[in-house]
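# Chains, contacts and geometry: an overview
These are the residues of each chain, in order.
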Amino acid sequence: MTKDVLISISGLHFGAGEEIGEGEPVEIITPAAYYLKNDRHYVLYDEVVEGVPGTVKNTIKIIGDSLFEVRKSGIANARMVFEKGRMNMTAYETPYGEMMVGIHTRDITTEVSEDRIDVHISYALDSNSEPLSDCEIDVTIRPVQPAQPAQGSAPEQI
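Residues numbered from 1 in each chain as written. Predicted model: local features only at pLDDT ≥ 70, side-chain atom pairs only at ≥ 80, totals over all residues. Heavy atoms only, no water.

Of the regular secondary structure elements, the chain holds zero helices and 10 strands. Counting helices and strands in the order they occur from the N terminus, the chain gives β-β-β-β-β-β-β-β-β-β. In the chain, which comprises 158 residues, the share counted as buried stands at 35%. Of all intrachain contacts in the chain linking residues separated by at least 6 positions in sequence, the fraction that spans at least 24 positions is 34%. Carbon and sulfur atoms make up 51% of the accessible area of the chain, which amounts to about 10,000 Å² in all. (Helix = DSSP H or I, 4+ residues; strand = E, 2+ residues; numbered from the N terminus. Buried < 20%, exposed > 50% of the residue type's maximum accessible area, 1.4 Å probe, protein only. Contact = heavy atoms within 4.5 Å. Areas by Shrake-Rupley, 256 points an atom, 1.4 Å probe, with all protein chains shown as cover.)

Attention now moves to the pairing of strand β5 (residues 67-74). Two strands pair when backbone bridges link them, and strand β4 (residues 55-63) and β5 are joined in this way by eight bridges, in the antiparallel orientation. Counterpart to isoleucine 60 in the pairing with β5 is valine 70. Taking the residues between adjacent antiparallel strands as the criterion, β4 and β5 are bridged by three residues, where glycine 64 takes a positive phi near 50 degrees. By the bridge criterion, six bridges tie β5 to strand β6 (residues 78-83) in an arrangement that is antiparallel. Across the sheet, residue arginine 71 finds its bridge partner in β6, namely arginine 79. (Pairing = 2+ DSSP bridges.)

In structure tokens form, the structure reads like this:
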């Protein structure tokens, strides 16, 4: 995989008690940098938060089907750890305040090929031991495709 990649993160968040299909969809696609070190996949990207000046720097670490970690720094700070069958707590700091969030990871599947990484995570969130939402998230990492000349057009002459 190349260093320059696109990361696509899409998912659904269902409020406690909501039926599947009633969830709130979320999706971002953004350029990122990819590294492989010690059999761990790393993806770094910046996130702009609507209505708030500044950015959030995100670092994702993927270790097979066992761990998916997101570190956020900047206008939001958190270390969110997803481990299959485990619950992890994190202090999630935002411009509006801090909250303790529990992440109950039900399942993680990771598929790695030469030119693509796909991750699916199923988890529940809680705050102060009160259920917030059930979530499904899909992450796709793939190389940035170089621009192709339009079909039928001649190469540019210098």
